[in-house]
Amino acid sequence: MIQLESLVPETLPGVALFIKHGDNHVLYKNPNLSFTQNDKERLLENNVNQLFIKAAEMSTYNQYVEENLPMLLSDDNIEPLVKQNMLYQASINYVQEIFDSPAIAIKQNVERCRNLISLILNDVMNSDGVINALSSLVDHNTYTYVHSVQVAAYSIALHVKMLELDRDELMDVGIGSLFHDYGKVYVPKELLDKPGKLTASEFMEVKKHPVYGYSTLKDLEIFTPVALGIVKHHHEKENGNGYPDGLFSYDIARSSKITAIADVFSALTTTRSYRNALSKESALEIMYGEMEGSFDMQYLNTFRESLC
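Residues numbered from 1 in each chain as written. Predicted model: local features only at pLDDT ≥ 70, side-chain atom pairs only at ≥ 80, totals over all residues. Heavy atoms only, no water.

As named in an unreviewed UniProt entry, the protein chain is Metal dependent phosphohydrolase, taken from Geoanaerobacter pelophilus.

## With respect to the overall build of the protein chain
For the protein chain, the helix and strand inventory stands at 15 helices and 4 strands. Here the C-alpha radius of gyration of the protein chain, 20 Å, is about what a compact globule of 308 residues would show, namely 19 Å. Residues counted as buried form 51% of the 308 residues belonging to the protein chain. For the protein chain, the computed accessible surface area is about 15000 Å², with 49% contributed by carbon and sulfur atoms. Of note, the protein chain has its 26 positive side-chain charges centred 5 Å away from the centre of its 41 negative side-chain charges. (Helix = DSSP H or I, 4+ residues; strand = E, 2+ residues; numbered from the N terminus. Rg over C-alpha atoms; globule rule 2.2 N^0.38 Å. Buried < 20%, exposed > 50% of the residue type's maximum accessible area, 1.4 Å probe, protein only. Areas by Shrake-Rupley, 256 points an atom, 1.4 Å probe, with all protein chains shown as cover. Lys, Arg positive; Asp, Glu negative; His and termini not counted. Charge placed at Lys NZ, Arg CZ, Asp CG, Glu CD.)

## Quick notes on the pattern of salt bridges
Under the definition given, this model contains 11 salt bridges. Lys 257 is the salt-bridge partner of Glu 238, the closest N and O atoms lying 3.4 Å from each other. Placement of Glu 238 in the loop between helix 12 (225–233) and helix 13 (254–268) and of Lys 257 in helix 13 is noted, with a sequence separation of 19 residues between them. Residue classification places Glu 238 among the buried positions, given a relative accessible area of 17%. Judged by its relative accessible area of 13%, Lys 257 falls in the buried class. Linked through salt bridges whose partners overlap, the residues forming this network are Glu 66, Glu 97 and Arg 112. (Salt bridge = Lys/Arg side-chain N within 4 Å of Asp/Glu carboxyl O.)

## Topic: the packing of helix 13 against helix 15 (residues 297–307)
Put simply, helix 13 and helix 15 touch, their axes get as near as 10 Å, and they point 45° apart. The angle between helix 13 and helix 15 places the two elements in the oblique class. Between helix 13 and helix 15 the crossing geometry is right-handed. In contact with Arg 254, Lys 257, Ile 258, Ile 261 and Phe 265 of helix 13, helix 15 contributes Tyr 299, Leu 300, Phe 303 and Leu 307. (Axes fitted to C-alpha atoms, helices over the stretch in contact; angles between N-to-C directions. Parallel < 35°, antiparallel > 145°, perpendicular 65-115°, else oblique. Left-handed = near helix turned anticlockwise from the far one by under 90°. Contact = heavy atoms within 4.5 Å.)

## So, the nonpolar core
Nonpolar side chains in soluble globular proteins tend to be buried together. Counting 77 residues, the largest nonpolar core has Leu 7 and Phe 179 as the members making the most contacts within it. Once residues lying within four places of it in the same chain are set aside, the contact partners of Phe 179 are Tyr 94, Ile 98, Phe 99, Ile 106, Cys 113, Leu 217, Phe 223 and Val 231. (Core = buried A, V, L, I, M, F, W, Y, C linked by side-chain atoms within 4.5 Å.)

## Considerations on unusual backbone geometry
For the bond from Tyr 243 to Pro 244, the omega torsion is 15°, close enough to zero to count as cis. Its location among the elements puts Pro 244 in the loop between helix 12 and helix 13. The backbone of Glu 10 sits at a positive phi, close to 70°, despite the residue not being glycine. Examined against the element boundaries, Glu 10 turns out to sit in the loop between strand 1 (2–3) and strand 2 (17–21). Owing to a relative accessible area of 55%, Glu 10 belongs among the exposed residues under this scheme. In this structure, Glu 221 is a non-glycine residue whose phi angle is positive, near 60°.

## As for the packing of aromatic side chains
Applying the stated criterion across every chain, the model contains 13 aromatic pairs. Both rings, one in Phe 99 and one in Phe 179, keep their centres 6.0 Å apart while their planes meet at 35°; by these two values the pair is tilted. Residue Phe 99 is found in helix 3 (residues 80–99), and its partner Phe 179 is found in the loop between helix 8 (167–178) and helix 9 (189–192); the two are separated by 80 residues along the sequence. When sorted by exposure, Phe 99 lands in the same class as Phe 179, which is buried. Pairing Phe 179 with Tyr 182 gives two aromatic rings, centres 6.3 Å apart and planes at 65°, and the pair type is edge-to-face. Grouping residues by exposure puts Phe 179 and Tyr 182 together as buried. Among the aromatic residues, ring-to-ring pairing joins Phe 99, Tyr 145, Phe 179, Tyr 182, Tyr 186, Tyr 212 and Phe 223 into one connected group. Over the ring of Tyr 214 we find Lys 232, and its NZ or CZ is 4.8 Å from the ring centre. (Phe/Tyr/Trp six-rings, centres within 6.5 Å; stacked < 30°, edge-to-face > 60°. Lys NZ or Arg CZ within 6 Å of the ring centre and 35° of its normal.)

## Focus on helix 1 (residues 37–45)
Of the residues making up helix 1, those classed as buried are Asp 39, Lys 40 and Leu 43. One side of helix 1 holds all its buried residues, which, seen down the axis, span an arc of 95°. What points out from helix 1, more than 90 degrees from its buried face, is the exposed set Asn 38 and Glu 45. Phi turns positive, to about 60°, at Asn 47, one or two residues after helix 1. (Arc of directions from axis to C-beta.)

## So, the environment of Lys 161
As for its position among the elements, Lys 161 is in helix 7 (residues 143–162). Sequence-wise, Lys 161 and Met 125 are 36 residues apart; in three dimensions their C-alpha atoms are separated by 9.4 Å.

See below:
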């Protein structure tokens, strides 16, 4: 699914466009035909806000959207929430494409990643509605992709609120948190999507994902220590009961502590295969209650205040 507002007439690359009719997808435009301003206006007049393209053409479309994003985000005729939806949808599409490709694709597309993180950083610094924009993301994407983008934006937002960091370090935070769960591509999908409780051995396998991600991304030699630290240590806890290294508070980098809060909040407030999304209030209740000892309380308190 793609947002109609994100299409710039006469510029769309050669991809087929479909409209959803009931449970079917009906061809609207062949790849060799132009998508015009009249097309766009006619669809909007008929309350068609989303179109669909083939999965095989997503890479072509993703690059098209990313190239047009700066122009779209600066267009005063587009509503702010629509702009945010474009930005975060483009980021989700990027994560899906990269996570579903060989690891070398990350190295080949690192500039695309940096461009998107830069736009997310701009949005976080210039908007008060990031939480609402992220919570309204379309849910046709699988959990991991939406979650990765949410964690990146939440983490950047909390870093901006808590710490005086330069833009380069905030970029590192954004990249590290965007890829914090990359290691899950090496965990069997049936474990990640299992509706019931994991067995002890299954949980041990899932707990390996920070090390899988860290090792793979480190070998690419393009990630900074800040970004790699987030990937490896976003499941460490203040009381030393986290993984993979069982670090205590004083040994956990601040960027990993902050991303840990963003990670858990996103997980609790997003619909999963085995439960519905929790409200912000219910999620915070769990983080302060059942998960006591997991988080840096100063950072958690600041995060709670930012949600009010």
